[in-house]
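# Observations on chain architecture
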Amino acid sequence: MPGRADGGGVGGGWAGGGRVGGGGLVTAPDPRAAEAGAAMLRAGGSAVDAAVATAFATGVVEPFMSGVGGGAWLVIREPGAPTATTVSGPIRAPALATPEMFPLVPSGPGTGLYGWPAVRDDANIVGPLSVGVPGAVAALCHAHARFGRLPLAQVLAPAIELAEDGHETNWFASAAICTDARTLRRFRSSAELFLPDGLPLRGPSMGPGDRLVQPRLARVLREIAAGGPDAFYRGRAARAIASTLAAAGGLLREADFAGYQAEERQIAPIEIGTIVAGATVAGAVGAGGIVTGGIGTGTLGTGALGAGGLRLYGPAATGVITVAEALQLVAAARRRGLPPGPALWARVLSHAMDDRLREVTTDEPAPWTRLATAEYAAEVVDGWLAGRDPGPREAGGPPKAGCTSHMSAVDGDGMTVALTQTVLDLFGSRIVEPGTGILLNDGMMYFDPRPGQVTSVAPGAAGLSAVSPLILEGPGGAEATLGASGGRRIISAVAQIAARWHDGADLQEAVSAPRLHAEGRRVWLDRRAAAADERTAGELAAAGFDVQIVAEEPTTWHFARPNGIARRAGGRWAAGVDLMKPYGVGVPTP
């Protein structure tokens, strides 16, 4: 049987049918990208070969979410290893950036990724000043050089073909283009690519969708395939991007590209709920509900606590630190007898997000690492029980969503990879550099535009990313990779899915179960959860939350867009994907 990558919307595709892979598996937000990764596994490549091929291909088929003009983060674990390797290529501020570079709008509403004060003309979100130094190429090529088995040219071949020959615009891409058409038309090169004849590219309806052909991007990918990351950071692409942005008033220069390096770290796992004040605790993580009655049904907070711990491997200077804090808080709360359910999750997520915005920076090592410890979680929960916590606070603004791409890969040897990449906002800066066809990031949105804050703009700094690529170890030798797209809602999604999976749900059940997202006093609650238990919304309101009941649909982003791969001890790998959105599951020929 040949390897293949199928994808679909609600109820479609192999993952929805429960297919599993023994020799390797790839999940991606598009079937064409998943097939690129599966092809590497069939050719004898490693999970990193597969993940990198998938990432480059994803940047071609959904460039509005991620690509060579953005950043990338990988977590790689070799079978049975006590540590994992992270390779990070964050979007960095240009050397000319300053904390005072963005004038604020007096009394303007919160905006951007974290609801910080609005900037005049949205200059940190749209246009040349919003662009940071892209790190995706550095990270992907570094990981490939360390862990790949196949030539880089072979790994990039599927992406080059998709860009050069073109590919059909699917309904998801067409919807994204329609959503941002008013902004895209401000930039000539962007309008030429996504709004030919002044109208958005159409997805399939009564016939096939319009083709998106990207020959200029294909040339860049060929240069990378032949010359590695230096061909990008010290070559034609860097010169073109720097020249275009400088002419438009941006701050990015060739020297920013030439000095860029990906970061590799060996990391130990974060142990969830197993150590408190030096004592070993038989802790489990969470109150996430186990789905009953099949995929797509179930309630929040009905899962039993399982025995055994959960280990998380991931890059700490991302959303992972907040995912870990949320899971530690749930574990601590359950040990103290607090009831599981939506009210607990809402309080946990609200608290963790508040901590994130007040304390977390991208410096490592840093004092905020204590936020992910069981000791800190125990202190917080003790404060709740003693009435010392004032309760949920006001959030700065509505959460940004609808951006970023995640993919996962495993190979026949048991190597696991979680990879998240992004151009940050939907369509990033909205600028397609005309000479290269690269859609450029708006990474300056990662920074608080106010001087003197923990995440203020600083030259060369990495912004506060919400990406949360994880490799998980569960009880009895269970393993999983997991991540999501969807702005800071990635954090709440990954935390709840990890808890459900730990509690016994298979990964597809955990991904498909109802979720909530909470920040400050606002809670977005899945309509399925509210319908399953009419008390849920009332309990949240009684706990002091402003409850918004919402329904996730194919083009909404209330609860992020996750995917991953998992297996229990002695079992086979199986995928978990968002059945509401396009997805791909690539299975190599055994």
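## Some words on the packing of helix α11 (residues 316-335) against helix α13 (residues 374-385)
Close contact between α11 and α13 brings their axes to 8 Å; oriented N to C, the two are set at 55°. Accordingly, the angle class assigned to the pair α11 and α13 is oblique. Where α11 crosses over α13, the handedness of that crossing is right-handed. In this structure, α11 uses E325, Q328, L329, A332 and A333 to contact α13, whose residues at the interface are A374, Y376, A377, A378, V380 and V381.

## Concerning the sheet that holds strand β19 (residues 516-519)
An order of β19-β20-β21 is seen for the 3 strands of this open sheet, with the pairing classed as mixed. Edge positions in the sheet fall to β19 and β21 (546-550), since each of these pairs with one other strand and no more. When strand polarity is set aside, the average angle formed by the axes of neighbouring strands in this sheet is 15°. Where β19 and strand β20 (residues 522-526) come together, 4 bridges link them in antiparallel fashion. Each residue of the ladder has a partner; that of H517, found in β20, is W524. Along the sheet face, helix α12 (residues 342-359) touches β19 and β20 and points at about 45° away from the line of β19.

## What about unusual backbone geometry?
Positioned with a positive phi, D121 is a non-glycine residue whose angle comes to about 60°. Within the secondary structure, D121 sits in the loop between β5 (84-89) and α4 (136-147).

## Quick notes on the environment of Y583
By secondary structure assignment, the location of Y583 is in the loop between β23 (573-577) and β24 (584-587). As for Y583 and A34, which are separated by 549 residues in sequence, their C-alpha atoms are 8.2 Å apart.

## Looking at the packing of α4 against helix α8 (residues 215-233)
Look at α4 against α8: their axes get within 9 Å of each other, and the N-to-C directions meet at 135°. On the basis of the axis angle, α4 is oblique to α8. The two elements α4 and α8 cross, and the hand of that crossing is left-handed. On α8, the residues touching A136, V137, A138 and C141 of α4 are I224, P229, F232 and Y233.

## Describing the pairing of strand β12 (residues 310-313)
Taken together, the 3 bridges between strand β9 (residues 270-272) and β12 define a ladder with antiparallel strand orientation. Bridging from a neighbouring strand, E271 pairs with R311 of β12. Taken together, the 3 bridges between β12 and strand β17 (residues 470-473) define a ladder with antiparallel strand orientation. Bridging across to β17, L312 finds its partner in L472.

## Considering the environment of L371
Within the secondary structure layout, L371 lies in the loop between α12 and α13. On the basis of relative accessibility, which here comes to 1%, the residue L371 falls in the buried class. Along the backbone, L371 and D355 are 16 residues apart, and their C-alpha atoms lie at a distance of 7.9 Å.

Procedures and definitions
- Residues numbered from 1 in each chain as written.
- Predicted model: local features only at pLDDT ≥ 70, side-chain atom pairs only at ≥ 80, totals over all residues.
- Heavy atoms only, no water.
- Axes fitted to C-alpha atoms, helices over the stretch in contact; angles between N-to-C directions.
- Helix = DSSP H or I, 4+ residues; strand = E, 2+ residues; numbered from the N terminus.
- Parallel < 35°, antiparallel > 145°, perpendicular 65-115°, else oblique.
- Left-handed = near helix turned anticlockwise from the far one by under 90°.
- Contact = heavy atoms within 4.5 Å.
- Pairing = 2+ DSSP bridges.
- Buried < 20%, exposed > 50% of the residue type's maximum accessible area, 1.4 Å probe, protein only.

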